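Spelled out, the chains give:
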Amino acid sequence: MGIPRWVRVWIAAMGAVGPLASVADTLPPPVQQALSRARVPAAALAVAVADAAPGGRVLLAHRADVPVNPASVMKLVTTTAALDLLGPAYTWRTAVYADGPVRDGVLAGSLYLRGDGDPKLVTERLWLLLRRVQALGIRHIAGDIVLDRSAFALPPHDPAAFDGEPLRPYNAAPDALLINFRAQVLTFVPDEGAGVARVGLEPPLAEVTVPDVVPLGDGPCNDWRAALQADWSDSRRPRFLGRYPLACGERVWPIAHPEPDRLAARAVAGVWAQLGGGLGGRVRDGTVPPGLAPRLLFDSVPLADVVRDVNKFSNNVMAQHLLLTLARAPGLASAGAATAVPPAPATFEAARAVVRDWWVTRLGSDMPPPVVDNGAGLSRNARVTATALVRLLQWVYASPWMSELMASLPVAGVDGILRRSAMGRGLAHLKTGSLADVQALAGYVHLPDGRRRVLVAIVNHPEARAARPALDALVQWAAGQP
């Protein structure tokens, strides 16, 4: 998918001219020196630094009005729009239906699970959902378990298309009934006495068998995943041809399921069987028959918790779910009613339109809206200016959602993606962004006297990764200015 024509026209028209063009754009010497060491030209960096209050003083603007690829910093747009349009207490509801009576623990028919786009239906919550099904008196299902994923209308997705890494969880596609982020998690626990590491699988997946153990190896814990020599050629029976280093201790390995469209069915069947549930038929895709009323409504964690996961850990598929949920916003008022007709299936096109309208309403028509693409920043087409992100962060700072948004951002040297940052412990709350040719930071910098500044810094260059020290130097400079 190419960049839309209106975006190309905007890029050509904007150039390096815009509302911050009159501000001095000389980069601080420490930043220039770090860029020089990284062999990244100043023309590859877009920067804006300003006081946090809306309309606050601008301290630095360098190429601030040039549209650039922000990578995962785009999640700031998605999460802010979601907080404002849906509210931090919003929840998704997975609805459970049955098309037959229950007698003596047996459902004489099929069970239906209709997904609402819950971004965090992880293993333990799927377990709880199915336990609540059993609390309805259902121990054996004579028919099928039917998974209704019709809340989203999405094109086919190739998990290898972006970077050739289909087993990386960050490449997972949205799913209206998203189970465990479409990922399986392998656990490795060394048993030195037995000379093996014991292997576990979460969630339990029907039809999938992993080795119970893998031999232990000597040496340091370096690239332990490579040392395992995993063979995924048979998605239902992976093998480990190598060894697991004893020095690694306990580890977990999240892997996107090699057959992503089968993970939900295999997980539901696996957890249901683990709970002792019987099933006469099979787990399959389908839709809820018209006229059925839900037997159970299972609420997700609140949106504020989802926003925290999206920003702290840069979860791509959760961000995409937030964006798609906005396409269903017009029907939210009635969606929770037991007999309500669900909103129209969500599409990315409809969701992007909602974000554009929201942007103009909240931030003004003089600031062109970003090209959000999938809302996660895992994109070659996403575009935004540093100026636009500064205005967004300033708007948030004066909004009712400031606490939720800021608390969702990684804290320098403390947690999330920035837990190992050396820029200064607690110096800033910042969203990071990283692609092969993008390095970005955006968020709030804390001054010793209690004031705050907003900072946006984005590098688009083949050697962008080497420019990370320049971004750290910029944060330290912003914190030290009067």
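Each value, and the rule that gives it
Residues numbered from 1 in each chain as written. Predicted model: local features only at pLDDT ≥ 70, side-chain atom pairs only at ≥ 80, totals over all residues. Heavy atoms only, no water. Axes fitted to C-alpha atoms, helices over the stretch in contact; angles between N-to-C directions. Helix = DSSP H or I, 4+ residues; strand = E, 2+ residues; numbered from the N terminus. Parallel < 35°, antiparallel > 145°, perpendicular 65-115°, else oblique. Left-handed = near helix turned anticlockwise from the far one by under 90°. Contact = heavy atoms within 4.5 Å. Nonpolar A, V, L, I, M, F, W, Y, C, P; charged D, E, K, R; others polar. Disulfide = S-S within 2.5 Å. Buried < 20%, exposed > 50% of the residue type's maximum accessible area, 1.4 Å probe, protein only. Expected span 1.5 Å × (residues − 1). Pairing = 2+ DSSP bridges.

Caption draft 1: Spatial organisation of the packing of helix α3 (residues 75-86) against helix α11 (residues 386-397). Between α3 and α11, whose axes approach to 11 Å, the crossing angle comes to 30 degrees. Between α3 and α11, the angle is such that the two are roughly parallel. For the pair α3 and α11, the crossing hand works out as left-handed. Between α3 and α11, the contacting residues are L76, V77, T80 and D84 on the first element and L389, L392, L393, W395 and V396 on the second. Along the lines of polarity and charge, the residues of the contact of α3 with α11 split into seven nonpolar, one polar and one charged.

Caption draft 2: Geometry of the state of the cysteines. As enumerated under the stated definition, the model contains one disulfide in all. The partner cysteine of C221 in its disulfide is C248, sulfur to sulfur 2.0 Å. Torsion about the S-S bond of the C221 and C248 cystine: about 100 degrees, corresponding to right-handed handedness. Here C221, found in the loop between β11 (213-217) and α5 (224-228), pairs with C248, found in the loop between β14 (244-245) and β15 (251-256); they are 27 residues apart in sequence, far enough to count as distant. Given a relative accessible area of 22%, C221 falls into the partly exposed group.

Caption draft 3: Here's a closer look at helix α4 (residues 123-135). For α4, with 13 residues, the first-to-last C-alpha span of 18 Å sits near the 18 Å given by 1.5 Å per residue. Looking at α4, one finds that the buried residues are T123, R125, L126, L129, L130, V133 and Q134. Of the surrounding secondary structure, the elements contacted by the buried residues of α4 are β3 (93-98), β6 (111-114), β10 (196-202), α6 (260-274) and β18 (296-299). Remark: G137 follows α4 within two positions and exhibits a positive phi of approximately 95 degrees.

Caption draft 4: Fine view of the pairing of strand β20 (residues 438-446). Within β20, nine of the nine residues are buried, which leaves the element mostly enclosed by the surrounding structure. Both strand β19 (residues 428-435) and β20 contribute to a ladder of eight bridges, which runs antiparallel. By the bridge assignment for β20, T432 is matched with L441. As judged from the nine bridges shared by β20 and strand β21 (residues 452-460), these two strands associate in the antiparallel manner. When the sheet's bridge partners are listed, L441 is paired in β21 with A457.

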